[in-house]
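A look at the structure
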Number of protein chains: 2
Amino acid sequence: SPSSPCSVLPLLSGVTAHSFTTSRQELVLLRVGHGSDEARPVQRGDQLLLLPGPHRPQPQRGVEYEYRAVEWNDTDYEKINPIKYVPALQDGDILVSDSLAIILYLEDKYPQHLLLPQDLKRKALNLQIASIVCSSIQPLQCYAVIGLIKGKLGPDESLQIVHHYIDKGFRAIEKLLEGCDSKFATGDEVQLADVFLAPQIHAGVTRFDIDMSKYPHLERFYKAYMEIPAFQAARPENQPDAPSPPQ
Amino acid sequence: SPSSPCSVLPLLSGVTAHSFTTSRQELVLLRVGHGSDEARPVQRGDQLLLLPGPHRPQPQRGVEYEYRAVEWNDTDYEKINPIKYVPALQDGDILVSDSLAIILYLEDKYPQHLLLPQDLKRKALNLQIASIVCSSIQPLQCYAVIGLIKGKLGPDESLQIVHHYIDKGFRAIEKLLEGCDSKFATGDEVQLADVFLAPQIHAGVTRFDIDMSKYPHLERFYKAYMEIPAFQAARPENQPDAPSPPQ
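A brief structural summary.

Definitions and limits used
Residues numbered from 1 in each chain as written. Chains lettered and ligands numbered in written order. Predicted model: local features only at pLDDT ≥ 70, side-chain atom pairs only at ≥ 80, totals over all residues. Helix = DSSP H or I, 4+ residues; strand = E, 2+ residues; numbered from the N terminus. Buried ≥ 20, exposed ≤ 12 C-beta atoms within 10 Å, placed from the backbone. Contact = placed C-beta atoms within 7 Å. Pairing = 2+ DSSP bridges. Least-squares fit on C-alpha atoms with pLDDT ≥ 70 in both. Expected span 1.5 Å × (residues − 1). Bend = angle between axes of the 7 residues up to and from the residue. Nonpolar A, V, L, I, M, F, W, Y, C, P; charged D, E, K, R; others polar.

Overview of the overall build of chain A
The helix and strand tally for chain A stands at eight helices and eight strands. By residue count, 47% of the 247 residues in chain A fall in the buried class. Looking at chain A alone, contacts between residues at least 24 apart form 66% of all its contacts between residues at least 6 apart.

Looking at the pairing of strand β8 (residues 94-97) of chain A
Bridging between strand β7 (residues 88-91) of chain A and β8(A) involves four bridges; their strand directions are antiparallel. Directly across from Ala88(A), in β8(A), lies its bridge partner Ser97(A).

Re the relation of the copies chain A and chain B
Overlay of chain A on chain B (RMSD 0.0 Å): rotation 180°, translation along the axis 0.0 Å. Those values place the two copies in the arrangement expected of a two-fold rotation axis. Of the C-alpha atoms belonging to chain A, the one lying closest to the rotation axis is found on Ser135(A), 2.2 Å away. With an isologous cut-off of 70% or more, the 100% of interface residues of chain A that recur at the interface of chain B puts this contact in the isologous class.

Some remarks on helix α4 (residues 120-149) of chain B
Residue and element names in this part refer to chain B. Helix length check: α4 (30 residues) gives 42 Å between terminal C-alpha atoms against 44 Å at 1.5 Å per residue, within 8%. Taken as a whole, α4 carries its principal kink of about 35° at isoleucine 137; the proline proline 139 stands between one and four residues after it. Counting buried residues in α4 gives 24 out of 30 residues, a clear majority hidden from the surface. Downstream of α4 by one or two residues, glycine 151 has phi in the positive range, about 80°.

Quick look at the interface of chain A and chain B
Taken residue by residue, the interface counts 30 residues in chain A and 30 residues in chain B. If you list the elements that add at least two residues to the side of chain A that touches chain B, you get β8, α3 (99-109), α4 (120-149) and α5 (155-176) of chain A. If you tally residues by element for the side of chain A that touches chain B, the top one is α4(A), at 13 residues. Of the residues that constitute the side of chain A that touches chain B, the class distribution is 18 nonpolar, six polar and six charged.

This is the structure we're talking about:
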C-alpha cells in the first residue's frame, strides 16, 4: 500500500542501503566472486560512490531522489562530504552525510513514512541496534577491508577482524531481541533497525561467509527482508553504478 | 542560569562524557602517566564502567541520576548491555546503551534542556559531527588501544592508527565548520556536537598527544569547553570511580 513504510525504501536504497556496502571503505569497493575469496579494488573509472540529489517530496509514494554516482578519485566529492565516505545527501542548500544523520534528517523533513516509532522504548531499541551496526561493526569491517587492499593486513587476519566484530555485534543484537517474535526486528513493519540490519547481514552473507544460523532472529529477518522489493532493489549489485560481476 | 543548556551536562557527565573515555574499550581502561607513554590496563578490582541509574526529572536544574560504576569483569553487565560497552542508561523499565542512542532518548524524554536545535540544517550538522566522533574516530581509536593492551599491535603501530583516525575526523569536522565564528561548534550555546567533541578532544590532548593547533576551530572550542564547570566535572579523572593517578 502507498502508506506502507516500505515505500520509502526505494529512497533509502539510494541514500542508505546500497551505500552501506561501500560506505566507510574510503572510496574503495571490493568485488568478491561467488563462492571464492577473489577480490579486487575497483579500477580507476569504476563508479561506486553515490550522491543522492535534490528531493522532490511525493507524499503518496515516498520521496523521489536523483541518484548520482561519484568516481572514487573525484576530488570534488570532498567538498560535499569532507570525510569522503558515502552516502551524502543534498537537499536544497542542506548537505548531510553519514547514514544515521541522513535518516534522522529525513524523519524530520519528510515525515510521511517514518522509520522510528513514537514509543520511546522501541525507538531507543531501534537507535541502539542502528548504532551497533554503524559504530561497532561497520568501521572495523571497513578497517579490515582497507587494510587488506593496502596490503597492511593479510587475508586471514583481515577476515578474522571482520568476523570478530560482526559476530560481536550480531550476538549483542540477538540478545537485545530475546523473545522477539515479530516479522522484523522491532515489529511487523520495517523500521530503522531493519534498514541498518538488512545491508549488514547481506554483506556478512555474500562477502564474508557469515553463518547466519548462529543468529536465529537475524536469519529470520533477513529472509523477510529479501522478499521486499525495495530491499532487493537496494542490493549493491542492483545499483546503476555497480561494477559488472567478474567473468 | 538554570535554563542554560549547560545544566543538563552534569547528567551527561555521567551518561556520556566520562564514558567516552572508557567506552568502546571492551571493559579496559588505559592509565597514561603525565608526559610519558607509560600505560597499563586496569587491574582486577579497578572500577571503571559506569551505569547511570534511574532518572528523577528535576525540571529546574536538569535531570538527577544515580551514577553506578561497574567492574570490568562484572558478567551481570552483559544483561544490561549485551555488547558490554559503556555507558548504559536505565530509566524505569527502559534500558538503552550507546551514547548517541541515549542522548536521543533523553531529548524525547526530558526535553527541558534540548541539545539538538530545531533548525534542520543545524540539527543535521550536529548529528553529522557526533557521527564522525562516534563512528569514524572512536571505534578505531578503541581498536588501537585494545590491540596494544592485548599485544596484537606495537606501541608505534597503535598510536599511528589512533593519530590517523583522529586526524581524519578532526580535519573533516574543521572543513564542515569552515567560516564558523561561534563560541561552540554550532552556536553560542552547547549543543549535541559539543558533547561529543569535548571528550574526544580531551582524550586526544591528554592521552594521545594530539597537536590541536592544526585544528583551529576545535582548539578554540576546547578552550571554551574547559571553562564550563559541567565539562570539567565530566572529565574522566573527576569521576567517582576514576583510578588514582600513577605514583
